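Residue-level structure breakdown
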Amino acid sequence: QVLKENALEAVCKLQQIPGGVELYFHPLRNLSTKLALLLFGIIFGGSGFAMLEFSDAPIFLSSIFLIVGGLCIGVGVYSLSNSLRVRLGPQYLHYQRRLFGVVVKQLQVSRQEILRLELAESYSAQTGSKYEKIYAVKALLTSGKKINIAESLRGQGVAELMLETLHLLCGIAIESKKL
């Protein structure tokens, strides 16, 4: 239990507010996984550039390497530089995504629009022989839309701890399906 709480604190600052909770997911969370993605993109893109400039490799092949490398670099930079702040109060859910400190997405929905909270697998990461799933907690709205309210949760145990904590502090129904 203590290990799960420490893993949760590493990615999220959770603060209880009257009638709810405020969550802050800082930039640079899960740093090792995201740096590995960035490094892969740099190596892959650099290989594509080297093939283009210094070898007789077909342009198609070097273009594939450049595109994949560029996409990995873009996703890596985004994932390292974004933050998320969620305030789940008695009247509303307020969501704010920042990129390099600049607000890029913000929304507010009434608390009555939230049907339940549920776990979702975001992605999987493998480092050496260690395989790890990363989870998110999503709020399902009456419109059918889902909003991430917690993310970068390493492992199912940590994700379930976050889901139960939000349920206890906010009183919102949860769906705990086996992932």
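Fair warning: this is a prediction, and the values are worked out from it, not measured in the lab. (Residues numbered from 1 in each chain as written. Predicted model: local features only at pLDDT ≥ 70, side-chain atom pairs only at ≥ 80, totals over all residues. Heavy atoms only, no water.)

Here's the deal with the pairing of strand 8 (residues 146-154)
Burial of strand 8 is extensive: 7 of the 9 residues sit out of reach of the surface. For strand 7 (residues 130-141) and strand 8, the ladder comprises 6 bridges, and the chain directions are antiparallel. Residue pairing across strands places V137 opposite A150, the latter belonging to strand 8. Hairpin connection from strand 7 to strand 8: 4 residues lie between these consecutive antiparallel strands, with G144 at a positive phi of about 95°. (Buried < 20%, exposed > 50% of the residue type's maximum accessible area, 1.4 Å probe, protein only. Helix = DSSP H or I, 4+ residues; strand = E, 2+ residues; numbered from the N terminus. Pairing = 2+ DSSP bridges.)

Considerations on the packing of helix 1 (residues 2-11) against helix 4 (residues 156-170)
Packing of helix 1 against helix 4 leaves a shortest axis separation of 9 Å and a crossing angle of 80°. Here helix 1 lies roughly perpendicular to helix 4, going by the angle between them. Contacts between helix 1 and helix 4 involve K4, E5, A7 and L8 on the former and, on the latter, G157, V158, L161 and M162. Classifying every residue of the contact of helix 1 with helix 4 by side-chain character gives 5 nonpolar, 1 polar and 2 charged. (Axes fitted to C-alpha atoms, helices over the stretch in contact; angles between N-to-C directions. Parallel < 35°, antiparallel > 145°, perpendicular 65-115°, else oblique. Contact = heavy atoms within 4.5 Å. Nonpolar A, V, L, I, M, F, W, Y, C, P; charged D, E, K, R; others polar.)

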